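Reading the structure
Residues per chain are reported as follows:
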Amino acid sequence: MVYDTKTVAQAWSLLDEATVRYQGANVGTIAALATGTDAANYDQIFTRDFFVSGLAFLLAGKYEIVKNFLRVTSDLQQTENSKNCFQAPRGVMPASFKVIKKNNKESLVADFGEKAIGRVTPVDSSLWWLLLMRMYIKASGDKAIAAEDKTCSSIKRILDHYLIGHFELIPTLLVPDGAFMIDRRMGMYGHPLDIEVLFDAALRSSREILGIDASEDDKKYIERIDDRIGHLTDHIRADYWIDPIRLNSIYRYETEQFGDKIANKYNIYVSSIPSWVYQWVPENSGYFLGNIGPGRMDFRFLTVGNLLAVLTSLAEKSQQEKILRLLEVNWEVLVGSMPIKLCYPALEGKAWHLLTGADGKNTSWSYHNGGNWPTLLWLLIAAAMKMNNKAMAIKAIETAAKRLSADDWPEYYDGQFGNLIGKEARKKQVWTAAGFIVAHSILKNPDKIKLLTFDD
Ligand code: GLC
């Protein structure tokens, strides 16, 4: 491989320097070290960012910090029904938190979106927390934590909230804009793939954890999970899927149909299919749509949802292969100079103006809107290795290694081919370094992939 161990060591020292202590123990890592004058909230421990650091620690056998993080966030979780609409609902985990020191006393202050830019709700935090808990138990063998009251109560609070009925008759979650890694307005409201795949994986994680020495009450929750998960998996596998055959049948859809056995359930009009899609899905390839709703198929490719679906086997075997093939064929536009775009293609012109609210940070081919995020290297390499495509994994890590250390570990890259350091990218971004460590560790020990995967 073209990178040497110095790059890995450098990534580790970044993680170590970013580690935060609370009451004498390591509890997490801040988002970025080089925050400059405008730190915003990059000096906080983000739940979604720590998931990647946590994974790096687990793969290195450093279990304690992950356990402490899981416990501290459990304590911060909303435990009561909200007193008013300005409080996050019971069960939700914070987007981020910070250790405050005053008069020699330490305390934790969390943000559930009430202070965040754009006042965005973290729908994903509780779900990443569940995945990390499962991985922690698998890696460390600490099954005792699964039986602890604290753990079971946290899981059940999440399930109570995420499994309640809402205004729709579908198994996916209804999600507002800015609710996950893309935490700004980007037209993701509705049923974004990234959250739905994460939701599916989180349900499976809860099932596994509650299944360890299950009490009668745990079994009731497992039943509720089982009741939802089959429908959720089927719905995503069938309705979100696009390959040349499905595209052709959508292209020939009849509209304005009524009844429960019709093909065009969401009343999709053919003229809403963007022209780039026709060249985007060649023979033997396919992917899951970014979003589905009444009169709406969002054809944007969301990387986290698609790759996570490969890893968790939410995608069927043949779908997993087709997603990998899509990556291979569209490598230049999805990866180019830096793995990998968060979302493709970028919103441009009028669509950008309307859907992002003319967001100056999310201009076309920048940041969330078509920018490349090196933290996602872990996911790309894990998916490639799961599919026994070592050549793809090596190509990805070598591409990343050419730039990351020299560029001082940027948060994201810009440009259609990801060759520019992001306009407003933070340097020394911790999940960039953590993503690299995880990727390197999986490549070195492919067996470790089992920590991340679920049975087919
Ligand atoms: C930005 C990203 C978000 C991330 C945070 C901290 O807000 O959009 O996904 O969690 O920075 O790195």
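Counting of residues starts from 1 at the beginning of each chain's written sequence and follows it residue by residue. Local features in this predicted model are restricted to residues whose pLDDT is 70 or higher, and side-chain atom pairs enter the listing and the counts only when it is 80 or higher, whereas totals over whole chains, interfaces and linings include all residues. With hydrogens and water set aside, each side-chain value is computed from the structure's full complement of heavy atoms.

Focus: the packing of aromatic side chains
For clarity, the cut-off: Stacked, edge-to-face and tilted are the three classes for Phe, Tyr and Trp ring pairs, Trp counted by its six-membered ring, which pair at centre distances within 6.5 Å; planes under 30 degrees apart are stacked, over 60 edge-to-face, the rest tilted. In this scheme, a residue with accessible area under 20% of its type's maximum is buried, one over 50% is exposed, and one in between is partly exposed, where area comes from a 1.4 Å probe on protein chains only. When the NZ atom of lysine or the CZ atom of arginine is within 6 Å of a ring's centre and also within 35 degrees of its normal, the charge is said to sit over that ring.
In total, this model carries 21 aromatic pairs according to the counting rule given. When the centroid spacing of 5.7 Å and the interplanar angle of 80° are considered together, the rings of Trp-276 and Trp-280 count as edge-to-face. Since its relative accessible area comes to 21%, Trp-276 is described here as partly exposed. According to the relative accessible area criterion, Trp-280 is buried, its value standing at 3%. Judged by centre distance (5.5 Å) and plane angle (35°), the rings of Tyr-367 and Trp-373 are tilted. When its relative accessible area of 2% is taken as the criterion, Trp-373 is described as buried. One aromatic cluster is present, formed by Trp-276, Trp-280, Tyr-287, Phe-301, Tyr-344 and Trp-365 through successive ring pairs. We note Lys-62 situated over the ring of Trp-12; from NZ or CZ to the ring centre the distance is 4.2 Å. In this arrangement the basic side chain of Arg-134 is found over the ring face of Phe-454, its NZ or CZ atom lying 3.6 Å from the centre.

Side note on the layout of surface pockets
Put simply, the test is: In the cavity and pocket records, a cavity denotes points on a 1 Å grid over the protein atoms alone where a 1.4 Å probe fits but cannot get out, a pocket denotes an open set with protein on both sides within 12 Å along at least 5 of 7 lines, and lining residues are residues with an atom within 4 Å of a point. Grid points are joined across faces, edges and corners, and a volume is the space filled by probe spheres set on the points. Residues are grouped as follows: Ala, Val, Leu, Ile, Met, Phe, Trp, Tyr, Cys and Pro are nonpolar; Asp, Glu, Lys and Arg are charged; every other residue, Gly included, is polar.
Its volume calculated, the largest pocket comes out at about 460 Å³. Forming the walls of the largest pocket are 29 residues, and the residues nearest its centre are Asn-41, Tyr-42, Phe-46, Asp-183 and Tyr-367. In terms of residue class, the lining of the largest pocket is made up of 13 nonpolar, six polar and ten charged. Of the pockets and cavities examined, the second largest pocket occupies roughly 340 Å³. Lining the second largest pocket are 15 residues, with Val-123, His-161, Leu-173, Leu-174 and Pro-176 positioned closest to its centre.

Comments concerning the pattern of salt bridges
Condition: By convention in these notes, a salt bridge is any Lys or Arg side-chain nitrogen within 4 Å of a carboxyl oxygen on Asp or Glu. Strands are runs of DSSP state E lasting at least two residues, helices are runs of H or I lasting at least four, and both sets are numbered from the N terminus onward.
Evaluation of the coordinates by the stated rule reveals 24 salt bridges. A salt bridge links Asp-239 to Lys-265; its shortest N-O distance comes to 2.9 Å. Within this pair, whereas Asp-239 is found in helix α8 (residues 216–239), its partner Lys-265 is found in the loop between α9 (244–251) and α10 (277–280), the two being separated by 26 residues in sequence. Salt-bridge contacts for Asp-298 lead to Arg-296; the nearest nitrogen and oxygen are separated by 3.7 Å. You can call Arg-296 buried: its relative accessible area is 18%. Counted as one network, the salt bridges with shared partners bring together Arg-48, Asp-124 and Asp-183.

Considerations on the pairing of strand β6 (residues 105–111)
Here is the rule we go by: We call two strands paired when DSSP finds no fewer than two bridges between them.
Sheet analysis places strand β5 (residues 96–102) next to β6, joined by seven bridges and oriented antiparallel. By the bridge assignment, Lys-102 is partnered in β6 with Lys-105. The loop that links β5 with its antiparallel partner β6 comprises two residues; one of these, Asn-103, has a positive phi angle of about 45°.

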